[in-house]
Structures are given as C-alpha cells and as structure tokens.
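A look at the structure
Letter by letter, the chains look like this.
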Amino acid sequence: MAATMNSKKSKVLVVGGTGYLGKRLVRASLAHGHETFVLHRPEIGVDIEKVQMLLEFKRMGAKLVTASLEDHRSLVEAVRLVDVVICAISGVHIRSHHILLQLKLVDAIKEAGNIKRFYPSEFGTDPARMKDAMEPGRVTFHDKMAVRRAIEEAHIPHTYISANCFAGYFLGGLCQPGYILPSRESVTILGEGDQKAIYVDEDDIAIYIIRTIDDPRALDKTVYIRPPENILSQREVVQIWEKLIGKELFKSSIPARDFLASMREKEYAEQVGLVHYYHVCYEGCLTSFEIGEDGHGDEVEACQLYPDVNYTTVEQYMKRYV
C-alpha cells in the first residue's frame, strides 16, 4: 500500500528535458498530472528537432522556461516556479559529460530556498557503491558523488535514482558494447556471460521516478529500480533473443584480460564506457549487494514501493527487434 500522498501534486521542472531520458520524464510527469516545466537554453540555434520537441511538450501542456546553467539569476527564477527539480543532463562520455554543471543548479536551488525535492542526474549504477571502480571509468562516479556532497552540504531534500542498465543500450546489443541492434547471426559473450545485471525500459524508469515525487518514503533516499523478472545474465538475454527469432546464435567469448587489453586502443570517452561494462558484465556490480544491507537504511526499491506498475519485461522489450 502506497504511503499517503499530498492532495496537491508538486510542480516539476525538468532540466535536460529534450534528452534521451529527459523527454520521457516530461511525458511521464504530464501523464501523472503534474504541472510540468521544461527548461531550455536561449541559444537553441537551428536545432529544429529540439525546437519541435519543445513545441510538442507545450502542446501537451508543459510550460517552457528559458534559462541557462551559465546564467545564475535566470536559473534561480526558473527554480522558484516549481516544487521539484529533476536534472537529466547527460553523464555519458560517448555523448557528452556535464555532471559537474549540476553544481550551478545546486547553487540556484540553495538560493531559491523553495525546492522540496531535487533529483540529480544519476539514473545508472549507484556511485556510492563504486568507490573501487577502475580508471578512467571512475570519473563518472567521482563527479556524481561530488554533486551529492554539494546537495547534502546545502541540506537540499533529494532522491537519488539507481536504474541500473538502460534497456535500449544493453538489450538492443545483447549486452555487447558498441551495439544497439541485436544480431541474428552471432554474439560475443563477455567472460562466462553468467553475471547478473538489471535491465529497465527507459519509459518505466521515468514512470518510477515520477511516482516517487510526492512519496515521503523516497525522501532523502536512494531508490533502486530492480524489476525482478529483469535480473538476468548476458547468456539469459541471448537465450530470450534466440527464442524470439527461433534460431541459435554463433557464440564466441572474450576473457576479462582481453577485454581490458582492448580498451587501451580506444579513445578516452570510449574507455570510460567500457570500464562501466566491465564492472557490470564481468564483476556483476549491480547485483553484488542487497538493498538496505549493512545499515544502509536510506535505500528502497521501486518495484516494492509501486507494485501496481506493470513494468516491461526483457522479453517484451526485445520483441520490438524481431
């Protein structure tokens, strides 16, 4: 049974609302009845797709707010319009890495003084559990923890989201780095392919995040999204795909030492991403702990909080590729 919610739903500002996850957050926020604001920079230029997306959000009922992370005053004014701020700017090196820009947003929220919940851009692996991550991949977790420290030092109410593996990135490529469409011929297994990971449909991630907004059970907590049926190894993901296409793939494997050796030839941004794949697929970092263990009372799990959410299973998700 869900906790008692406020009768009036919070007003929500999404920063990075035209991005990969951000656009889903805007739609989910509107669908759940929140007055929704989308921040956009004044210097959009001629990015017609972004403009059209913003206009579509406006048609759906969102309010567009012009402000910039580089303009403190405009940012404070935007923050004062709402109750909740969700930041979804990119933290992926192969696209762009803007995690530390959130420190400007933290400063604005601190000055505004009205925000009852802030969601920094995290959404993947919990950085608090990645203290021993390898270089150069650890930079992502280091930067996210720097933002967390700033949030907590400013006493800003918050919720951290650990959504594990985005389905589009992992399932589309059968858990192979650099692939986003599944082959019908072959697959490279990472190590033994037996380490469990957790795959979540990006639309479901947005729904779970929005559900937490007015839920006191998620306040000042880390919320993990762990759909039980989606906790699978790479080999299990491949088996689901083989079942869907009615064909067995040719399988080769790459041992951990060879995977790590191959990274040295890559550009820095790609190395960062490959280190994350290593920790997930070779070490099983996403499932190597129990939520709330060892005195971690500030952790909760979304599927337990919201059992009514009919999340997308791995098999359901992969049917789109058939």
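Residues numbered from 1 in each chain as written. Predicted model: local features only at pLDDT ≥ 70, side-chain atom pairs only at ≥ 80, totals over all residues. Heavy atoms only, no water.

Where an unreviewed UniProt entry is consulted, the protein chain appears under the name (+)-lariciresinol reductase, with the organism given as Trapa incisa. Taken verbatim from the UniProt record of the protein chain, the Sequence similarities (unreviewed entry) comment is "Belongs to the NmrA-type oxidoreductase family. Isoflavone reductase subfamily." Listed under Subunit (unreviewed entry) in UniProt, the entry text for the protein chain is "Dimer." (UniProt positions renumbered as here; feature names shortened; annotations may be inferred.)

**Section: unusual backbone geometry**
The residue after E135, namely P136, is reached through a cis peptide bond having omega -5 degrees. Backbone geometry places D220, a non-glycine residue, at a positive phi of 55 degrees. Inspection of the secondary structure assignment puts D220 in the loop between α7 (202-212) and β12 (221-224). Residue classification places D220 among the partly exposed residues on the basis of a relative accessible area of 37%. (Helix = DSSP H or I, 4+ residues; strand = E, 2+ residues; numbered from the N terminus. Buried < 20%, exposed > 50% of the residue type's maximum accessible area, 1.4 Å probe, protein only.)

**Section: the side chain of E299**
Tracing the backbone through its elements, the reader meets E299 in strand β15 (residues 299-301). According to the relative accessible area criterion, E299 is buried, its value standing at 10%. A polar contact of 2.9 Å, which involves the side chain of E299, links it to the side chain of R129. Residue contacts for E299: discarding those within four places in its chain leaves R129, K221, T222, Y224, E290, I291, G292 and E293. (Polar contact = N/O pair within 3.5 Å; in protein donor to acceptor, adjacent residues only side chain to side chain. Contact = heavy atoms within 4.5 Å.)

**Quick look at the environment of E122**
If you trace the backbone, E122 turns up in the loop between β7 (117-119) and α5 (138-153). Considered as a pair, E122 and A167 are 45 residues apart in the sequence and their alpha carbons are 16 Å apart. In this structure, E122 is in contact with P127, K144, R148, Y160 and I161, ignoring residues within four places of it in sequence.

**Some words on the sheet that holds strand β1 (residues 12-15)**
Here we have five strands laid out as an open sheet, ordered β3-β2-β1-β4-β7, and parallel in their pairing. The open sheet is flanked by β3 (63-66) and β7, the only strands paired with a single partner. Adjacent strand axes in the sheet meet at a mean angle of 20 degrees when their direction is disregarded. Relative to strand β4 (residues 84-87), β1 is paired through four bridges, and the arrangement is parallel. In the strand pairing of β4, L13 is matched with V85. (Pairing = 2+ DSSP bridges. Axes fitted to C-alpha atoms, helices over the stretch in contact; angles between N-to-C directions.)

**Some words on the nonpolar core**
Among the nonpolar cores identified, the biggest contains 74 residues, and L25, I86, Y199 and M318 are the most heavily contacted of them. Broken down by element, the residue count for this core peaks at six residues, all from helix α10 (residues 268-281). L13, A78, L105 and A108 belong to the second largest nonpolar core, which has 29 residues in total. (Core = buried A, V, L, I, M, F, W, Y, C linked by side-chain atoms within 4.5 Å.)

**Considerations on a negative patch on the surface**
A grouping of E152, E153, D220 and D298 is seen on the molecular surface, where their side chains present a negatively charged patch. Summarising the element assignment, E153 is placed in helix α5. E153 sits in the exposed class, given a relative accessible area of 62%. (Patch = residues over 30% accessible without salt bridge, like charges linked within 9 Å, V, L, I, M, F, W, Y side chains within 5 Å. Areas by Shrake-Rupley, 256 points an atom, 1.4 Å probe, with all protein chains shown as cover. Salt bridge = Lys/Arg side-chain N within 4 Å of Asp/Glu carboxyl O. Lys, Arg positive; Asp, Glu negative; His and termini not counted. Charge placed at Lys NZ, Arg CZ, Asp CG, Glu CD.)

**Overview of the sheet that holds β12**
Within the open sheet, the three strands sit side by side as β8-β12-β15. Their pairing is parallel. The two strands at the open ends of the sheet, each matched to only one other strand, are β8 (159-162) and β15. Going from strand to strand, the sheet's axes swing by 25 degrees on average, the running direction of each strand aside. Two strands pair when backbone bridges link them, and β12 and β15 are joined in this way by three bridges, in the parallel orientation. Paired with T222 across the strands is E299, a residue of β15.

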